[in-house]
Amino acid sequence: MNHTVFITGATSGIGEATARILASRGYRLVICGRRIERLQTLQKELEKLTSIYTLNFDVSDKRSVLESINKLPSEWNRIDILINNAGNAHGFDLFHESNMDDWEAMIDINVKGLLYVSKAIIPGMVERRKGHIINIGSIAGKEVYPRGSVYCASKHAVDAINNGMRLDLNAYGIKVTEINPGMVETEFSLVRFKGDSEKARNTYKGLKPLTGNDVAEIILFIISRPDHVNISDVIVFPTAQASATIVHREK
Ligand code: NDP
Ligand code: 8X3
């Protein structure tokens, strides 16, 4: 049977692109997100290529995460590959001017949400002595940049959790990979700037950012390596980016 891949945040950006590329290669997919209509549309489209199961929950709602995953039917509850992708930045403000609701959203979604989903899925992998977890971190988890303190903190937490998972799951034959992209043009900046599309567009002005598909191709490569190969940590930038803060823009 083909591998079953569980993707959080499949309604846009990196997660949606990953669902598309993996469906085209015949992976069975559990696709998750809050926007149910998008999940249903994607399911309808990708079912032409592979088997799809949809789960509609907010990753920051612990009870909903655990109930949804625990209720997966038996033909869907053996997850071979977990892609912890759901997350966003909320706000882009100086520390002392930033909004506490934004802080809480980033900690609750990017950190606690990833933990809840992982807690629901990883014990099955441990039992089977097999599995692969892909955590979508960020260059914001490797560096800190101005106006990004709490988003960077949330992604530094993902980096630490990722590394801790790899240590603790080492004895069980489970692969753990972190992928840390720089600038990827998705709905990320639209969410960060609370729907201000001009600010979102300006983020990528004068450069060619990565696309969700660029990251999805890397995920496909990583999960299709032989059993004895684990690509453990990847940083991927657009060519115009050299660090979190050094970006070359054409005038
Ligand atoms: P998008 O905004 O396009 O996608 C975010 C996805 O996360 C959506 O599918 C959204 O689904 C889901 N999501 C957000 N909050 C929740 C929630 N509370 N519960 C369930 N799902 C949620 O952004 P990207 O594709 O760019 O982001 C994907 C990941 O990549 C994130 O972890 C982000 O931090 C990371 N990343 C992004 C970079 C970039 O420059 N774009 C660079 C580095 C890392 P829905 O709203 O339907 O729930
Ligand atoms: C998203 C990329 O540079 O805005 O994680 O933090 S960045």
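In what follows, the structure referred to is the one given above.
Conventions adopted
Residues numbered from 1 in each chain as written. Chains lettered and ligands numbered in written order. Predicted model: local features only at pLDDT ≥ 70, side-chain atom pairs only at ≥ 80, totals over all residues. Heavy atoms only, no water. Near = heavy atom within 4 Å. Polar contact = N/O pair within 3.5 Å; in protein donor to acceptor, adjacent residues only side chain to side chain. Areas by Shrake-Rupley, 256 points an atom, 1.4 Å probe, with all protein chains shown as cover. Nonpolar A, V, L, I, M, F, W, Y, C, P; charged D, E, K, R; others polar. Buried < 20%, exposed > 50% of the residue type's maximum accessible area, 1.4 Å probe, protein only. Helix = DSSP H or I, 4+ residues; strand = E, 2+ residues; numbered from the N terminus. Arc of directions from axis to C-beta. Contact = heavy atoms within 4.5 Å. Salt bridge = Lys/Arg side-chain N within 4 Å of Asp/Glu carboxyl O. Pairing = 2+ DSSP bridges. Right-handed = clockwise from strand over helix to strand, strands pointing away.

1. Comments concerning the site of ligand 2
Then comes step 1: Neighbouring ligand 2 are the residues S138, I139, A140, Y145, Y151, G182, F188 and R192.
Then comes step 2: Y145 has a polar side-chain atom sitting 2.7 Å from an oxygen atom of ligand 2.
Then comes step 3: The contact in question runs from an oxygen atom of ligand 2 to an N or O atom on the side chain of R192, over 3.4 Å.
Then comes step 4: Taken by itself ligand 2 offers 240 Å² of open surface, and the protein chains cover 85% of this.
Then comes step 5: For the shell around ligand 2, the per-class residue count stands at five nonpolar, two polar and one charged.

2. What to know about helix α2 (residues 36-46)
Then comes step 1: If you check which residues of α2 are buried, you get L39, L42, Q43 and L46. Take α2 and look down its axis: the buried residues cluster within an arc of 105 degrees, on one side only. Facing away from the buried side of α2, by more than 90 degrees, are the exposed residues E37, T41 and K44.
Then comes step 2: The secondary structure elements touched by the buried residues of α2 are α1 (13-24), β2 (28-33) and β3 (52-56).

3. Some thoughts on the environment of A216
Then comes step 1: Locating A216 in the fold gives a position in helix α8 (residues 212-223).
Then comes step 2: Residue A216 is classed as buried on the basis of its relative accessible area of 0%.
Then comes step 3: With 33 residues separating them along the chain, A216 and R249 place their C-alpha atoms 25 Å apart.
Then comes step 4: Excluding residues that lie within four positions of it along the chain, A216 makes contacts with A17, T18 and I21.

4. Describing the environment of H90
Then comes step 1: By secondary structure assignment, the location of H90 is in the loop between β4 (81-84) and α4 (100-128).
Then comes step 2: Sequence-wise, H90 and G124 are 34 residues apart; in three dimensions their C-alpha atoms are separated by 33 Å.
Then comes step 3: If we skip the residues at most four places from it in the chain, H90 touches D102, A105, M106, I109, V191, R192 and K194.

5. A few points about the pattern of salt bridges
Once their charged atoms are close, side chains differing in charge can pair, the charge on each being opposite to the other.
Then comes step 1: Evaluation of the coordinates by the stated rule reveals eleven salt bridges.
Then comes step 2: Notably, a salt bridge pairs R35 with E187, separated by 3.1 Å at the nearest N-O pair. With R35 in the loop between β2 and α2 and E187 in the loop between β7 (184-185) and α6 (188-192), this pair connects stretches of sequence that are 152 residues apart.
Then comes step 3: Of the residues examined, E187 reaches a relative accessible area of 24% and is grouped as partly exposed.
Then comes step 4: Salt bridges sharing common partners tie together K142, D159, E178 and D233.

6. Remarks on the site of ligand 1
Then comes step 1: In the region of ligand 1, 29 residues are neighbours, and T11, S12, R34, Y151 and T186 sit closest.
Then comes step 2: Contact between ligand 1 and I14: an oxygen atom at 2.8 Å from a main-chain N or O atom of the residue.
Then comes step 3: Within the side chain of K155, an N or O atom sits 2.9 Å from an oxygen atom of ligand 1.
Then comes step 4: For ligand 1, whose accessible area on its own is 870 Å², the fraction buried by protein is 97%.
Then comes step 5: Here the shell around ligand 1 is built from residues that sort into twelve nonpolar, twelve polar and five charged.

7. Observations concerning the pairing of β2
Then comes step 1: Within β2, six of the six residues are buried, which leaves the element mostly enclosed by the surrounding structure.
Then comes step 2: Residues R28, V30 and C32 of β2 are buried on one face, and the alternating residues L29, I31 and G33, pointing to the opposite face, are buried as well.
Then comes step 3: Relative to β2, strand β1 (residues 4-7) is paired through four bridges, and the arrangement is parallel. Looking at the pairing, T4 lines up with R28 of β2.
Then comes step 4: At this point the chain moves from β2, through α2, to the parallel β3, and the crossover so formed is right-handed.

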